[in-house]
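Residue-level structure breakdown
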Amino acid sequence: MNFPLSAGLLEACVLAELNRQDVYGYQLTQQLRQVLDISESTLYPVLRRLQKEACLTTYDQPCQGRNRRYYRITAQGQERLEQARLEWKDYKSGVDRILEGHEG
């Protein structure tokens, strides 16, 4: 079964990956593709939005004669990630209760 990915959940996944380490866009896409069905054209608008909202910063690093743009989570991004983790835990708990047939 394929479940649709909401914008909020995708943002949380991006922030979680960046909380582990700074990465450049293509590398981030490859990491997320291990679990999610996502393309670069879907990812880059999310990165730009998170950067605009001060959840990410960027820096360029030379690599084989070109610059790679790396993304780094900010303190504000870490706070947003923590909030997303709490919301996900509550949401997952509710879905688990339904799927497992528990009352209330």
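The structure under discussion appears in the preceding block.
Residues numbered from 1 in each chain as written. Predicted model: local features only at pLDDT ≥ 70, side-chain atom pairs only at ≥ 80, totals over all residues. Heavy atoms only, no water.

Turning to the nonpolar core, a few remarks are in order. Among the nonpolar cores identified, the biggest contains 19 residues, and Val 14 and Leu 32 are the most heavily contacted of them. Those elements that place two or more of their residues in this core are α1 (7-20), α2 (25-33), α3 (40-52) and β3 (66-73). With five residues, the single largest contributor to this core is α1. (Core = buried A, V, L, I, M, F, W, Y, C linked by side-chain atoms within 4.5 Å. Buried < 20%, exposed > 50% of the residue type's maximum accessible area, 1.4 Å probe, protein only. Helix = DSSP H or I, 4+ residues; strand = E, 2+ residues; numbered from the N terminus.)

Evaluation of the coordinates by the stated rule reveals eight salt bridges. Glu 11 is paired through a salt bridge with Arg 49; the nearest N and O atoms lie 2.8 Å apart. With Glu 11 in helix α1 and Arg 49 in helix α3, this pair connects stretches of sequence that are 38 residues apart. On the basis of relative accessibility, which here comes to 10%, the residue Glu 11 falls in the buried class. Exposure remark for Arg 49: the relative accessible area of 31% places this residue in the partly exposed category. Of the charged contacts in the structure, one is a salt bridge between Asp 96 and Lys 92, with a shortest N-O distance of 2.9 Å. (Salt bridge = Lys/Arg side-chain N within 4 Å of Asp/Glu carboxyl O.)

Right, let's talk about the packing of α1 against helix α4 (residues 75-99) for a bit. Between α1 and α4, the shortest axis-to-axis distance is 9 Å and the interhelical angle comes to 125°. By the angle class used here, α1 and α4 are oblique. Between α1 and α4 the crossing geometry is left-handed. Contacts between α1 and α4 pair Leu 9, Glu 11, Ala 12, Leu 15, Ala 16 and Asn 19 from the former with Gly 77, Gln 78, Arg 80, Leu 81, Ala 84, Arg 85 and Trp 88 from the latter. Residues belonging to the contact of α1 with α4 are distributed by class as follows: seven nonpolar, three polar and three charged. (Axes fitted to C-alpha atoms, helices over the stretch in contact; angles between N-to-C directions. Parallel < 35°, antiparallel > 145°, perpendicular 65-115°, else oblique. Left-handed = near helix turned anticlockwise from the far one by under 90°. Contact = heavy atoms within 4.5 Å. Nonpolar A, V, L, I, M, F, W, Y, C, P; charged D, E, K, R; others polar.)

The next subject is the side chain of Glu 11. A distance of 2.6 Å separates the side chain of Glu 11 from the side chain of Arg 80, its partner in a polar contact. Other than its neighbours up to four places away in sequence, Glu 11 contacts Val 46, Arg 49, Leu 50 and Arg 80. (Polar contact = N/O pair within 3.5 Å; in protein donor to acceptor, adjacent residues only side chain to side chain.)

Turning our attention to the environment of Asn 19. Inspection of the secondary structure puts Asn 19 in helix α1. Between the C-alpha atom of Asn 19 and that of Gly 77, which follows or precedes it by 58 residues, the distance is 8.7 Å. Once residues lying within four places of it in the same chain are set aside, the contact partners of Asn 19 are Ile 73, Gln 78, Leu 81 and Arg 85. One polar contact links Asn 19 to Gln 78, side chain to side chain, over a distance of 3.2 Å.

This is a description of form; function is not addressed.
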